[in-house]
Amino acid sequence: MSESVFGGTSSSEIPLLDIHRAELPVRIGISSCLLGERVRYDGGHKRDDYLVDVVGRYVEWVPVCPEVEAGMGMPRETVQLTRVDGDIRMLTKAGVDHTDVVDWFARQRVQTLEQARLSGYILKSRSPSCGKERVPVVQPDGATLKKGRGIFARRLMEVLPHLPVEEEQRLHNLRIRENFISRVFAYYRWLQLVTTGLTRESLMGYHRAYKYLLMAHSQEGTRRLGRLLAKPERFATTQALANAYLDEFNSVMKRTPSRRNHTNVLQHMAGYVSDRLDSRTRRELTRMIQNYREELLPLIVPVVMLRHYVREFDIAYLKDQTYLHPFPGELMLLNQL
Ligand code: SF4
């Protein structure tokens, strides 16, 4: 057994690995300018201190600047997405069209990223190359609609549809940040599962370990996933079953958990430890969960208490639940919810 960075000691069949010692690092693709690389059109950067100084301690970045790597040079003229004859093109103000060269680069680069086995991707918002959504698109009448997706981002999301992808600006929202990091580590564990070999049993193990975390996102979604695994004969191969599972898993995990759902999960888990507690401690735990429900305490408080009891009483059913260790605790994301 090994001490896991996810917070506990694990003998699980699912891969709760120590990311500092794991063979596969947690790799995240990122728009280079967010790391402070001077690749912007004017030779500047858009360093994001939280990503570099905090998240960067736990992951290996794979930086990509589509415009520089596609050969647009630096400094360079700014480009914008522009609607031309029903198509979206990437043009300079003078009308020079860079669409094809950036798109060609994107197709090649995304293939190498597929081999890099990324667990997530962080894109620079509003960029005509990197922006994921609401990128300004100039219309034939001169108006600008915030409805576009960057040329590189489009290819990335087409080729790697299961990869968790977010924009740096949205990550300033604490709930979106927690949700994204949670999905990154879930996908990291999924990649580990694929590496060790997909079987129906290993899929069941993954689902069991994610049960409570999924329930916090959606109880109905968790049931749908359970039903899917209960009837594997509907799928021709284990791979087909795994693909269907991952599609559904991602759509459940994309939903932001509500305080009500978290409370429900905490109460469920407390049910497994309460008969081992004296009445005073049991009341304290119940009050703690209720205080979280009433926004008097952050989520981390009842979670830490449950982690403690699960470890102390060695409760096998709960100790590998990723709900208690969704990502490295040092990221302190549960302290802010
Ligand atoms: S193309 Fe992307 S990575 Fe390069 S400067 Fe623009 S936003 Fe940053």
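Here the residue numbers are simple positions, counted from 1 along each chain's written sequence. Thresholds applied to this predicted model are a pLDDT of at least 70 for local features of residues and 80 or more for the giving and counting of side-chain atom pairs; totals over whole chains, interfaces and linings are not thresholded and use all residues. With hydrogens and water stripped out, all remaining heavy atoms of the structure feed into the side-chain values.

Trainee: So what exactly am I meant to see when it comes to the site of the ligand here?
Mentor: Neighbouring the ligand are 14 residues; C33, C65, K124, S127 and C130 lie closest to it. Note on residue classes: Ala, Val, Leu, Ile, Met, Phe, Trp, Tyr, Cys and Pro are nonpolar, Asp, Glu, Lys and Arg are charged, and everything else, Gly too, is polar. Counted by class, the shell around the ligand contains 6 nonpolar, 4 polar and 4 charged residues. Near is defined per residue: the residue qualifies when any heavy atom it owns lies within 4 Å of the molecule or strand.

Trainee: Even after reading the chapter, I still don't get the packing of helix α5 (residues 174-196) against helix α6 (residues 200-217), so can you show me in this structure?
Mentor: Think of two packed helices as two axes; the pair is described by the angle between the axes and how far apart they sit. Axis lines are fitted through C-alpha atoms, for helices just across the contact stretch, and the angle between N-to-C directions can take any value from 0 to 180 degrees. We count a stretch as a helix when DSSP gives it H or I for four or more residues in a row; a strand needs E for two or more, and each element gets its number in order from the N terminus. One way to put it is that α5 packs onto α6 with a least axis distance of 11 Å and a crossing angle of 175°. As judged from the angle between their axes, α5 and α6 are roughly antiparallel. The residues of α6 that touch α5, namely those facing N179, S182, F185, A186, Y187, R189, W190 and L193, are S202, L203, Y206, Y210, L213 and H217. A class-by-class count of the residues in the contact of α5 with α6 yields 9 nonpolar, 4 polar and 1 charged. Roughly parallel covers angles under 35 degrees, roughly antiparallel covers those over 145, roughly perpendicular covers 65 to 115, and oblique covers all other angles. In what follows, a contact means two residues having at least one pair of non-hydrogen atoms within 4.5 Å.

Trainee: Please clarify how the confidence of the model for the protein should be interpreted in this entry.
Mentor: Predicted coordinates in areas of low pLDDT are best not read in detail. A score between 0 and 100, pLDDT records how confident the predictor is in each residue. Looking at the protein, pLDDT values average 91 and 93% of them are 70 or higher. Here residues 1-20 is modelled with pLDDT under 50, and outside its nearest four sequence neighbours on either side it reaches 60 contacts, counting other chains as well.

Trainee: For this particular structure, what's the right way to read α6?
Mentor: The α-helix winds at 3.6 residues per turn, so residues separated by three or four positions along the chain end up facing the same way. The axis of α6 is deflected most strongly, by about 55°, at K211. Categorising residues by exposure relies on relative accessible area from a 1.4 Å probe, with only protein chains included: less than 20% of the type maximum marks a residue as buried, more than 50% marks it as exposed, and the intermediate range marks it as partly exposed. Most of α6 sits out of view: 13 of its 18 residues are buried. Bend, at a single residue, is the angle you get between axes fitted to the 7 residues ending at that residue and the 7 residues starting at it.

Trainee: So what exactly am I meant to see when it comes to the environment of H268 here?
Mentor: Inspection of the secondary structure puts H268 in helix α9 (residues 259-273). The exposure class assigned to H268 is partly exposed, which follows from its relative accessible area of 38%. Between the C-alpha atoms of H268 and K231, which are 37 residues apart in sequence, the distance is 26 Å. Apart from the residues within four sequence positions on either side, H268 is in contact with Y212 and M215.

Trainee: For this particular structure, what's the right way to read the sheet that holds strand β9 (residues 144-148)?
Mentor: Remark on secondary structure: sheet strands pair via backbone hydrogen bonds, oriented parallel or antiparallel. Strand pairing is assigned whenever DSSP identifies at least 2 bridges connecting the two strands. Strands sit in the order β6-β5-β8-β9 across an open sheet of 4 strands; the sheet is mixed. The outermost strands of the open sheet, each flanked by one partner alone, are β6 (87-92) and β9. Sheet twist, expressed as the mean angle between neighbouring strand axes with direction ignored, is 45°. As paired strands, strand β5 (residues 79-84) and strand β8 (residues 135-138) are joined by 2 bridges and run parallel to one another. Counted as the bridge partner of T82 is V138 from β8.

Trainee: What am I meant to see in the pattern of salt bridges here?
Mentor: Put simply, a salt bridge is a Lys or Arg side-chain nitrogen that is within 4 Å of an Asp or Glu carboxyl oxygen. All told, the structure shown has 20 salt bridges when counted by the stated rule. Across the pair D103 and R107 runs a salt bridge, and its minimum N-O distance is 3.6 Å. With a gap of 4 residues between them, D103 and R107 both fall in helix α3 (residues 99-115), about one helical turn apart. Taking the shortest distance from any N to any O, the salt bridge between E220 and R227 comes out at 3.2 Å.

Trainee: Explain helix α11 (residues 300-312) to me, please; I cannot follow it from the model alone.
Mentor: Here a helix's expected span is defined as the number of its residues, less one, multiplied by 1.5 Å. Counted at 1.5 Å a residue, the expected span for α11 with its 13 residues is 18 Å, and the 18 Å between its end C-alpha atoms agrees. Every buried residue belonging to α11 is among I300, P302, V303, L306, R307, Y309 and V310, and all of these are buried. Those residues of α11 that are buried are in contact with α9, α10 (279-293) and α12 (316-319). Of the residues one or two after α11, D314 is the one with positive phi, at around 50°.

Trainee: Would you mind showing me how to read the sheet that holds strand β3 (residues 27-31) here?
Mentor: What the 4 strands build is an open sheet, ordered β4-β3-β7-β10; its pairing is parallel. In this open sheet, the two strands that pair with only one neighbour each are β4 (60-64) and β10 (165-167). On average, each strand axis in the sheet is tilted by 25° relative to the strand beside it, whichever way the strands run. Here strand β7 (residues 120-123) runs beside β10; their pairing, made up of 3 bridges, is parallel. Residue pairing for β10: L123 is matched across the bridge by E167. Against the sheet, helix α4 (residues 151-159) contacts β4, β7 and β10, and its axis sits at roughly 165° relative to β7. Contacts from α5 reach β3, β7 and β10, with the element oriented near 150° to β10.

Trainee: Help me out: how do you make sense of the pairing of β4 in this one?
Mentor: Consecutive residues of a regular strand have side chains that alternate between opposite faces of the sheet. As judged from the 5 bridges shared by β3 and β4, these two strands associate in the parallel manner. Within β4, the position partnered with R27 by the bridge is E60.

Trainee: Where do I start with the packing of aromatic side chains in this structure?
Mentor: The relation between two aromatic rings is expressed through the spacing of the ring centres and the mutual angle of the planes. Pairs were defined over the aromatic rings of Phe, Tyr and Trp, the Trp ring being its six-membered one, requiring ring centres within 6.5 Å. Orientation was assigned from the angle between planes: stacked under 30 degrees, edge-to-face over 60, tilted for the rest. A complete count under the given rule lists 12 aromatic pairs for this structure. Here Y206 and F249 contribute two aromatic rings whose centre-to-centre distance is 5.4 Å and whose plane-to-plane angle is 55°, an arrangement assigned as tilted. Of the two residues, Y206 sits in helix α6 while F249 sits in helix α8 (residues 238-253), which places them 43 residues apart along the sequence. Relative accessible area serves as the criterion here: at 2%, F249 is assigned to the buried category. Among the aromatic residues, those joined into a ring-pair cluster are W190, Y206, Y210, Y245 and F249. The rule for a charge over a ring is simple: NZ of Lys or CZ of Arg within 6 Å of the ring centre, and within 35 degrees of the ring normal. Between the NZ or CZ atom of R177 and the centre of the ring of Y50, over which it lies, the distance is 3.6 Å. One Lys or Arg, K211, reaches over the ring of Y212 and ends 5.4 Å from the middle of that ring.

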